[in-house]
Every structure is written in structure tokens, then in C-alpha cells.
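So the chains spell out like this:
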Amino acid sequence: MTDLEAIGRSCFALHARMTARLLSRTYEAALRPIGLKLPQFGILGAIGHGTTVSETVLAERLGLERTTLVRNLKLLIQNGWVEPMPGDGRGLRHRLTPAGQALLEAAIPLWQEAQSQVEARLKDVEGDEARRAMRALRKASYCP
């Protein structure tokens, strides 16, 4: 039988998922007062940053399944925070509404507070070092 304890100690996927869930709880708690979920914040941020790309490309950039992106976009549109943008060619694009821009601006300080809390809790690892390790894991895990 395989040493399950060794797998538990060494499995990148297991540790990444556990870490992602815990990080999500921290950021979700920070964004809760304005009724925003972490994936929605990421989407608003990408759109607010001027990312006028198709839904497929936006999903790839955010590391989301396209169906997850579309489900979140539908909610953002229903709430009046995002609207479809007329464009040339194939692929639907979106932009922030004034209400979406205001929500994003309200969310940023809440995100910054959560970010500061996480960075302050890092003990023996610098924030940039942790981010470099996560980027390396993403690159090592990429399957086109």
C-alpha cells in the first residue's frame, strides 16, 4: 500500500486546494460587507482594468472555467455592475457600469485590508517569495 501520509505531506494539489480555500475565506470575509464574492471581485477588477477581451480569453486569464465565468458575469449583469459591450467580431465583451465602478472602488480597500492581514501572518516567508512559488506551480501545472 502507498504511504498515504507521505502523499498528504507532499501533494502540491492537496496543499494548493487547502490553501486556496483558506485564503478565499479570508478575502470573502473582507468583501462580505458589500455583498461581493472573491471571483466576482477578480472579474470586476479585470474588466475595470480595461480587459476588453472575449469571455473565453477572460476566463483563461483569470484561471476560471468558461462556464464559471459566464455564471458570474450573469450575476454581475443582473446586479447592474457589468454590461455587455457591442463589439466587432466574435466573442462577447463587457464593461463596468458606473455602479460596478463604484463597487470596485469600495471593494479595493477591503481587499487591501485582507491582503495586509495575510502578509502580516506570513512568518518565515516573504510575500514576494510566496507569490513566486505560486507562479512557478501554475507554470508547472499548465496543460494546454
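Up top you'll find the structure we're talking about.
First, a word on scope: everything that follows refers to the structure included in this document. (Residues numbered from 1 in each chain as written. Predicted model: local features only at pLDDT ≥ 70, side-chain atom pairs only at ≥ 80, totals over all residues. Heavy atoms only, no water.)

**So, the packing of aromatic side chains**
Following the criterion strictly, the structure yields one aromatic pair and no others. Where phenylalanine 41 meets tryptophan 111, the ring centres are 6.5 Å apart and the plane angle is 20°; that geometry is what we call stacked. One end of the pair, phenylalanine 41, is in helix α3 (residues 38–48); the other, tryptophan 111, is in helix α6 (residues 98–121), with 70 residues separating them in the sequence. Judged by its relative accessible area of 30%, tryptophan 111 falls in the partly exposed class. (Phe/Tyr/Trp six-rings, centres within 6.5 Å; stacked < 30°, edge-to-face > 60°. Helix = DSSP H or I, 4+ residues; strand = E, 2+ residues; numbered from the N terminus. Buried < 20%, exposed > 50% of the residue type's maximum accessible area, 1.4 Å probe, protein only.)

**Considering a positive patch on the surface**
A cluster of basic side chains, namely Arg132, Arg135, Arg138 and Lys139, defines a positive patch on the protein surface. Mapped onto the elements, arginine 132 comes out in helix α7 (residues 127–141). (Patch = residues over 30% accessible without salt bridge, like charges linked within 9 Å, V, L, I, M, F, W, Y side chains within 5 Å. Areas by Shrake-Rupley, 256 points an atom, 1.4 Å probe, with all protein chains shown as cover. Salt bridge = Lys/Arg side-chain N within 4 Å of Asp/Glu carboxyl O. Lys, Arg positive; Asp, Glu negative; His and termini not counted. Charge placed at Lys NZ, Arg CZ, Asp CG, Glu CD.)

**Structural notes on the nonpolar core**
Leu36, Leu44, Ile47, Leu73, Leu76 and Val82 are the most contacted members of the largest nonpolar core, which has 19 residues in total. Mapped by element, the contributors of at least two residues to this core are α3, α4 (55–62), α5 (66–78) and α6. The greatest single-element share of this core, amounting to five residues, is contributed by α3. Those residues in contact with leucine 36, other than ones at most four positions away along the chain, are Leu31, Phe41, Leu44, Trp81, Leu103 and Ala107. (Core = buried A, V, L, I, M, F, W, Y, C linked by side-chain atoms within 4.5 Å. Contact = heavy atoms within 4.5 Å.)

**Some words on the side chain of glutamine 115**
Here glutamine 115 lies in helix α6. Not counting the four nearest positions on each side in its chain, glutamine 115 is found in contact with Tyr27 and Arg131.

**Structural notes on the pattern of salt bridges**
Under the criterion given, the structure shown has six salt bridges. In this structure, glutamate 55 and arginine 66 form a salt bridge, with 2.9 Å as the shortest nitrogen-oxygen distance. Pair noted here: glutamate 55 is in helix α4 and arginine 66 is in helix α5, with a separation of 11 residues, a long-range link. Look at glutamate 55 and you get buried, because its relative accessible area is 9%. Residue classification places arginine 66 among the partly exposed positions, given a relative accessible area of 42%. The closest approach of N and O atoms between aspartate 128 and arginine 131, which form a salt bridge, is 2.9 Å. Remark: arginine 131 and aspartate 128 occur in helix α7; sequence separation between them is three residues, near one turn of the helix. Overall, the relative accessible area of 46% leaves aspartate 128 in the partly exposed class. You can call arginine 131 partly exposed: its relative accessible area is 28%.

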